[in-house]
Amino acid sequence: RRIPDVHTAQGGKQMIKSFYFLKFAHTASNDRDGVPVDKIYSIGFFSDKKKAMAAIEDYKVKPGFRDYPSSGFTIQRESARFDEDVEKSGAELYTLVHEQPTEDGYVIYRDIGIYPGKAAAEKRRDRLARGKAYKDKPGEFKLERWVADKELKWPRGFEDWEVEERLIDPRKQH
């Protein structure tokens, strides 16, 4: 499906670029009350799906990731509008997320989108903060900087208390 071209206020044409967002999720018991919680690890953005798939192969043997099924990896296609043609590999992107605390001490995360620069993400954040959808929701908006194919999170894996307990005390094996 072709997305129509959009023109900027200066008369230039915007370029729509797609990226692939790699995440890993698993369910673990919460240390506080034993209630299962979803833990999500955002790994990075890739300029094409093949690079994201190759990263899964690399990450699935790292500490933490290797302790859960590889079905926890997901690749989500995201698009951003750039005012100029840019090389996708190395492109600077910003994610915008709304974090809303709940009464029982948890946090609800809402992914809003990816943007081709900090200014674009801040503009969207400011517009949403004034709008109806988020006006009465406590919490805050967070921006996070990413560089496609270049800067990835969790390069050494992660430690998870639930896994650590099972490794230390074999009686806690599930």
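Notes on the structure in this doc start here. Since the model is a prediction, treat every value here as computed from it, not as a measurement.

All right, on to the side chain of Thr95 then. Of note, Thr95 is situated in strand E5 (residues 92–101). A residue is classified by how much of its surface remains accessible, and Thr95, at 8% relative accessible area, is buried. Here Trp146 takes part through its side chain, which lies 3.2 Å from a polar atom of the side chain of Thr95. Aside from chain neighbours lying at most four places away, what touches Thr95 is Phe45, Gly113, Ile114, Lys142, Leu143, Glu144 and Trp146.

A few words now on the layout of surface pockets. Computed from the structure, the largest pocket encloses a volume of approximately 920 Å³. Where the lining of the largest pocket is concerned, the elements lending two or more residues are strand E2 (13–29), strand E3 (36–46), strand E4 (73–82), E5, strand E6 (107–115) and strand E7 (140–147). By residue number, the principal contributor to the lining of the largest pocket is E3, which donates eight residues. Residues that form the lining of the largest pocket fall into these classes: 16 nonpolar, six polar and nine charged. If you trace the second largest pocket, you find 16 residues lining it, with Gln14, Arg81, Tyr115, Pro116 and Ala120 closest to the centre. Sorting the residues of the lining of the second largest pocket by element identifies E2, E4, E6 and helix H2 (118–130) as the ones contributing at least two each. Element by element, the count of residues in the lining of the second largest pocket is highest for H2, at five residues.

Within helix H1 (residues 49–59), burial applies to Ala52, Ala55, Ile56 and Tyr59. Here the buried residues of H1 occupy an arc of 105 degrees about the axis, which is enough to place them on one side.

On to the side chain of Lys17. Looking at the element boundaries, Lys17 is found in strand E2. Side chain to side chain, Lys17 and Asp85 meet in a polar contact 2.8 Å long. Separated by 3.3 Å, the side chain of Lys17 and the backbone oxygen of Val86 make a polar contact. Those residues in contact with Lys17 that sit more than four places away from it in its chain are Glu78, Ser79, Ala80, Phe82, Asp85, Val86 and Lys88.

Our focus in this paragraph is the packing of aromatic side chains. Aromatic ring pairs are described here by two measures, namely the spacing of the ring centres and the angle between the planes. Going through the model one piece at a time under the given rule, you end up with 16 aromatic pairs. Taken together, a centroid distance of 4.9 Å and an interplanar angle of 85 degrees make the contact between Tyr41 and Trp154 edge-to-face. Of this pair, Tyr41 sits in strand E3 while Trp154 sits in the loop between E7 and helix H4 (161–168), and the two are 113 residues apart along the sequence. Residue Tyr41 is classed as buried on the basis of its relative accessible area, which comes to 8%. Put simply, the rings of Phe24, Tyr41, Tyr59, Phe65, Tyr68, Phe73, Trp154 and Phe158 pair up and form one aromatic cluster. Sitting above the plane of the Phe19 ring, Lys88 keeps its charged end 5.7 Å from the centroid. The ring of Trp146 has Lys153 sitting right over it, with the charged end atom 4.1 Å from the ring centre.

What counts, and where the lines are drawn
Residues numbered from 1 in each chain as written. Predicted model: local features only at pLDDT ≥ 70, side-chain atom pairs only at ≥ 80, totals over all residues. Heavy atoms only, no water. Helix = DSSP H or I, 4+ residues; strand = E, 2+ residues; numbered from the N terminus. Buried < 20%, exposed > 50% of the residue type's maximum accessible area, 1.4 Å probe, protein only. Polar contact = N/O pair within 3.5 Å; in protein donor to acceptor, adjacent residues only side chain to side chain. Contact = heavy atoms within 4.5 Å. 1 Å grid on protein atoms, 1.4 Å probe; cavity = no way out; pocket = protein on both sides within 12 Å on 5 of 7 lines; lining within 4 Å. Points joined across faces, edges and corners; volume = space filled by probe spheres on them. Nonpolar A, V, L, I, M, F, W, Y, C, P; charged D, E, K, R; others polar. Arc of directions from axis to C-beta. Phe/Tyr/Trp six-rings, centres within 6.5 Å; stacked < 30°, edge-to-face > 60°. Lys NZ or Arg CZ within 6 Å of the ring centre and 35° of its normal.

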